[in-house]
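Fold and contact review
Residue strings, one per chain:
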Amino acid sequence: MADDSMIVNFDIGLDAFGAQTAPKYKGGKWTDRAKANKMAKHYIRKDASKAAGKTDGTGEFNVVKATPDTGGSKSGEYQAYDRSLKRKRGDNGGAQKPNAPQSTKNGEFVSSLWTQNPESAAVVEEEVEREDQAPTNAPLSDGSATFTTLGLSPVLANHLTMKLGLKAPTAIQKSAIPELITTDSDAFIQAETGSGKTLTYLLPIVNRIMSLSKMRPSVDTESGKKEAMTRNSGLYAIIIAPTRELSRQILSVMTTLIHCKNGPQWIVPGVVIGGEKKKSEKARLRKGINILVATPGRLLDHLENTESLDVSRVRWLIMDEGDRLMELGLEETIGSILAILEKKSKLPNGTLERGTGVPAGEEALPKRRVTMLCSATMKTNVQRLGEISLKEALYIKAEKSAEDTEADNAAGEGGERGFMAPAQLKQSYVVVPSKLRLVGLNAVLKRAFIRPTACPRVIVFFSCSDSVDFHYEIFSRKGADATGDSSDDSSPDDNDNSEPVPKDEKKKKKPPTANPAAVSAPLLHPLLLLHKLHGSLPQPVRTAALASFINTKHPSILFCTDVAARGLDLPNVDLVVQYDPPFSKDDHLHRIGRTARAGREGRAIMFLLPGPEEGYVDAVLKKGVREGQLGRTDINDVFKKGFGACKNDKKRDWEDKASEWHLDIERWLLEDVRMKSLGAKAWGSHIRAYTTHVSAEKGIFNHKALHYGHLAKSFGLRDKPGDIKVPGGGQGAGGEAGKQGKKRGLDTEEISEPLPGNEAMKKMRKIAQAMVKRKGMSSEFNLG
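This one's a predicted model, so the numbers in the text were calculated from it and none came from an experiment. Throughout this description, residue numbers start from 1 for each chain and increase along the sequence as written. Where totals are concerned, whole chains, interfaces and linings use all residues; where local detail is concerned, this predicted model gives features only for residues with pLDDT of at least 70, and gives and counts side-chain atom pairs only at 80 or more. Neither water nor hydrogens contribute to the side-chain values; these are computed over all heavy atoms in the structure.

Before going further, it helps to spend a moment on the overall build of the protein chain. Helix and strand assignments follow DSSP, with helices taken as H or I runs no shorter than four residues and strands as E runs no shorter than two, numbered in order from the N terminus. The helix and strand tally for the protein chain stands at 23 helices and 22 strands. Burial status across the protein chain gives 51% buried among its 784 residues. Within the protein chain, residue pairs in contact and separated by at least 24 positions form 76% of the contacts whose partners lie at least 6 positions apart. Every accessible area reported is derived by Shrake-Rupley at a probe size of 1.4 Å, with residue values counting cover from the shown protein chains alone. Here the protein chain displays about 37900 Å² of accessible surface, and carbon together with sulfur accounts for 51% of that area. A 1.4 Å probe rolled over the protein chains alone gives each residue an accessible area, and that area as a share of the maximum for its type sets the label: buried under 20%, exposed over 50%, partly exposed in between. Contact between two residues is taken to exist if any of their heavy atoms lie within 4.5 Å; hydrogens are not considered.

Between helix 9 (residues 331–344) and helix 10 (residues 380–389), the shortest axis-to-axis distance is 11 Å and the interhelical angle comes to 15°. It follows from the interaxial angle that helix 9 and helix 10 lie roughly parallel. Here helix 9 and helix 10 pass one another in a crossing that is right-handed. For the pair formed by helix 9 and helix 10, the contact residues are E331, I334 and L338 on the first element and R384, L385, I388 and S389 on the second. Taken together, the residues that form the contact of helix 9 with helix 10 break down as four nonpolar, one polar and two charged. Interaxial angles span 0 to 180 degrees and are taken between N-to-C directions of axes, which are lines fitted to C-alpha atoms, for helices over the stretch in contact. Angle categories: roughly parallel below 35 degrees, roughly antiparallel above 145, roughly perpendicular from 65 to 115, and oblique for all the rest. Crossing handedness: left-handed means the near helix sits turned counterclockwise from the far one by under a right angle, and right-handed means the same turn made clockwise. Ten residue types, Ala, Val, Leu, Ile, Met, Phe, Trp, Tyr, Cys and Pro, are classed as nonpolar, four, Asp, Glu, Lys and Arg, as charged, and the remainder, Gly among them, as polar.

What follows deals with unusual backbone geometry. For Q116, which is not glycine, the phi dihedral falls at a positive 60°. Among the structural elements, Q116 can be located in the loop between strand 3 (78–79) and helix 2 (154–163). One non-glycine residue with positive phi stands out, namely E392, at about 50°. E392 sits in the exposed class, given a relative accessible area of 79%.

Moving on: the sheet that holds strand 16 (residues 529–533). Pairing is mixed in the open sheet, where eight strands are placed in the order 15-16-17-14-18-19-13-20. Edge positions in the open sheet fall to strand 15 (518–520) and strand 20 (630–632), since each of these has one partner strand only. When strand polarity is set aside, the average angle formed by the axes of neighbouring strands in this sheet is 20°. The pairing criterion is simple: DSSP has to find at least two bridges between the two strands. One ladder, built from seven bridges, connects strand 13 (residues 425–431) with strand 19 (residues 602–608); its direction is parallel. For V430, the partnering residue across the bridge sits in strand 19 and is F607. Here helix 12 (residues 437–448) sits on the sheet in contact with strand 14 (457–461), strand 17 (556–560), strand 18 (575–578) and strand 19, set at roughly 170° to strand 19. Each of strand 15, strand 16 and strand 17 touches helix 13 (residues 465–475); the most contacted strand, strand 16, lies at about 170° to it.

With that settled, consider the pattern of salt bridges. Each salt bridge in this description consists of a side-chain nitrogen of Lys or Arg and a carboxyl oxygen of Asp or Glu lying within 4 Å of one another. Throughout the structure, instances matching the rule amount to 25 salt bridges. A salt bridge links D184 to R208, with the shortest nitrogen-to-oxygen separation between them at 3.1 Å. Linking D184 in the loop between helix 3 (171–182) and strand 4 (187–190) with R208 in helix 4 (residues 197–210), this pair joins segments that are 24 residues apart in sequence. Assessed through its relative accessible area of 23%, D184 is described here as partly exposed. Among the salt bridges present, the one from R566 reaches D587, with a minimum N-O distance of 3.1 Å. Highlighted residues: R566 in the loop between strand 17 and strand 18 and D587 in helix 16 (residues 585–592), separated in sequence by 21 residues. When sorted by exposure, R566 lands in the same class as D587, which is buried.

Here we take up the packing of aromatic side chains. Working definition: rings of Phe, Tyr and Trp (its six-membered ring) pair if their centres are within 6.5 Å, and the pair is stacked with planes under 30 degrees apart, edge-to-face with planes over 60 apart, and tilted otherwise. Enumeration over the complete set of coordinates arrives at 13 aromatic pairs. Members of the aromatic cluster, connected to one another through ring pairs, are F462, F475, F559, Y579, F607 and W661. By the criterion adopted, a ring carries a charge over it if an Arg CZ or a Lys NZ lies within 6 Å of its centre and within 35 degrees of its normal. Across the ring face of Y579, the terminal group of R437 is positioned such that the distance to the ring centre comes to 4.1 Å.

Ordered in space as 8-9-7-10-11-4-12, the seven strands form an open sheet in which the pairing is parallel. The two strands at the open ends of the sheet, each matched to only one other strand, are strand 8 (269–272) and strand 12 (394–397). For this sheet, the mean inter-axis angle between neighbouring strands, taken without regard to orientation, is 15°. Two elements, strand 4 and strand 11 (residues 370–375), share four bridges in a ladder whose sense is parallel. Residue Q190 lies in a different strand from strand 11, and its bridge partner there is S375. Sitting on the sheet, helix 3 touches strand 4, strand 11 and strand 12, and the angle it makes with strand 12 is about 150°.

What follows deals with the side chain of D323. For D323, the location among the structural elements is in helix 8 (residues 322–327). Polar contacts, as counted here, are pairs of nitrogen or oxygen atoms within 3.5 Å of one another; within protein the pair requires one atom able to donate a hydrogen and one able to accept it, and residues that are adjacent in sequence qualify only if both atoms are side-chain atoms. Looking at D323, its side chain comes within polar contact range of the side chain of R566, at 3.1 Å. A polar contact of 3.1 Å, which involves the side chain of D323, links it to the side chain of H590. Non-local contacts of D323, meaning those with residues more than four positions away in its chain, are made with S375, T377, N381, V382, R566 and H590.

In this fold, T161 is placed in helix 2. In this structure, the C-alpha to C-alpha distance between T161 and T146, residues 15 residues apart in sequence, is 9.6 Å. Dropping the residues within four chain positions of it, T161 is found in contact with F147, L166 and K167.

All right, on to the confidence of the model for the protein chain then. Every residue gets a pLDDT, meaning the predictor's confidence in that residue, from 0 to 100. Chain-level pLDDT for the protein chain is 76 on average; 67% of the residues reach the 70-or-more range. Overall, residues 772–784 carries pLDDT values under 50, and its contacts beyond four positions in sequence, including any with other chains, amount to 56 contacts.

Burial analysis of strand 14 places five of its five residues in the buried class, which makes it a mostly covered element. Judged from the five bridges that link them, strand 14 and strand 17 form a sheet pairing that is parallel. By the bridge assignment, R457 is partnered in strand 17 with S556. As paired elements, strand 14 and strand 18 share four bridges and run parallel to each other. Counted as the bridge partner of F461 is Q578 from strand 18.

Packing of helix 5 (residues 244–258) against helix 15 (residues 539–551) brings their axes to within 11 Å, and their N-to-C directions diverge by 55°. The pairing of helix 5 with helix 15 is recorded here as oblique in orientation. Regarding helix 5 and helix 15, the two cross each other, and that crossing is right-handed. Counted together, R244, E245 and R248 of helix 5 and Q539, R542, T543 and L546 of helix 15 form the full contact between these two elements. Tallied by class, residues from the contact of helix 5 with helix 15 come to one nonpolar, two polar and four charged.

Attention now goes to helix 20 (residues 673–690). Given a helix with a known number of residues, its expected span is that number minus one, times 1.5 Å. Taking 1.5 Å as the rise per residue, helix 20 with 18 residues should run 26 Å; its terminal C-alpha atoms sit 26 Å apart, in good agreement. Buried residues dominate helix 20, accounting for 13 of its 18 residues. A distance of 3.0 Å separates the backbone nitrogen of R674 from a side-chain oxygen at the start of helix 20, and that oxygen is part of D672.

Below, the structure written as structure tokens:
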């Protein structure tokens, strides 16, 4: 019998391989050398005793017979165990199950999840049960205000109460709506996420347009013959939003407001966003639209090229999520939009010599164009946008308690006004080593769906779209049958010996999937639906995924990038998981703002790596939170609860369950070339995204501190970092990525050279440098 691939495991002494492989310690004190020798012998004896009577390859020394495939110098020679390799750990405390081999080919070593992991520098405090806080963004319950007392018409107020189920306004609505109804001044509206900013600016607009008389004098005839109000009566309001999803959400809210009982039916809202056919949008604009929601790029395109878009009578211009508009570099685009509106306007706009005034029948509308800027934060760039667009604006902010005001001022930095998360939002963080990130995410998600919530919803934020796609595939597996080709809709094999299919059956094609961005995830929950959302998806898929996540009756998860972090009102979100830390503190605040909205309770948890990333707790997480609102979760507790271990479990069976789950993922990637390529691409994109944190946080998120090998394991990859072939980035040194970076001439942070002789790390430094230069991530917002 051939024994070319035989693995020999036996207990041997330190000098079994001669002087070249035996550990020798020179220099220093003799006591240090003695301790080092003693420790080496101790670990060898310990591992040898565990491997006694076993032939499964768990001993400390694993001698592999060299073959041409294993890279030996000569066939038949034996190679010594490399001390730098980590000890393998299988099930049952080191014994490997027969059906779960640790290696797939001669000489390949599978590192353990539980060895060589850096430990957290901070001391884990005992988790104290936090008291429930009174919601700060909930509708007012003291009876101090109703929608009628705010100045809204009885028809609209009754519609809000009876049809939409809104019993009372929120604090920001109480402060802003009376001012926006009675005055024609510009306004800056600031309020925390989930407090109803969208309704705050929509209700005054809808209320004043609904108050127009059903008949008005015609502007086309000198006789002043009256005509009915229709969709062609004019465009009265333009709302600018940074993302397509937020634009569609604003349109949806607008539609629910104008379709009220006994209200005017002639008001027609519309939307123009990137990703849609401009021909269809132009057709809708020709028919007439009274309220237009748009993304900046597409709006500017229509203003410059669509003659049927008449903006001469626009009364309101609203810029929602102003901080994000500026962060995306849209200052020039917004400036061009403002210039075109100013040029084409026929309204006085504050000067007596401008235009012909307000047409008859429209006295209820503002006599000049009113500009509103909405933002959750008051950053410097938002103030600059206000200086460009607002004139003598009102600053409107919700009234806060003395405790919130003090904490809000303490959270402010650099002259910027601080931001407070909702009081009922419970935040936590967990320090997870790189190798344990994937199994940690699985444990958190499993734990989330153990809770007795009727229809739990979870959002998981990733740093890049490639990472979303990879984890979407990982968690949508159907189990062991999913190994190999993950496509389950392939055509039958031509060589299949099954019974012939009738002609009528051949004509019947398999019905297409209702939503390509939503699949089941039975390994997490039998009824769970898993969705994904990022800027690289086609617009119809993005729309369908978001609609499915909002409307489904089943438990659901949304894997997404920051494209879903701003302004979206996703109802009943129970948990927000920040698997990859945000790129700035404002992104963090907006991410967690997807839960605990309108007075509901919510939870948020963030994954951090041991080491420099733990500084993020003091730098960001502890600012803008109330006492007892932030806590730390122990990673061992997460694994115990996620993998179903008992409290009195002394054998740490949860480690074995987590290891087996992760090994199953690794085997799948070895067998499926497509999945391995997807994992490598996600790994490379994750490193590239890691380098894009704001400069103020470079000391916390420094790519030089990453362990690329451990990080690769969290993506199911067994190759050395220098051997991983990143699609589009070459192998090792980055391939074409560096060339593309040079062509674009982008500035990059100088990356120091690694220690000489460490070729793998040297290659990875070059990859990181090429990624910084390239910055090839597709736009997550696609604002066209």
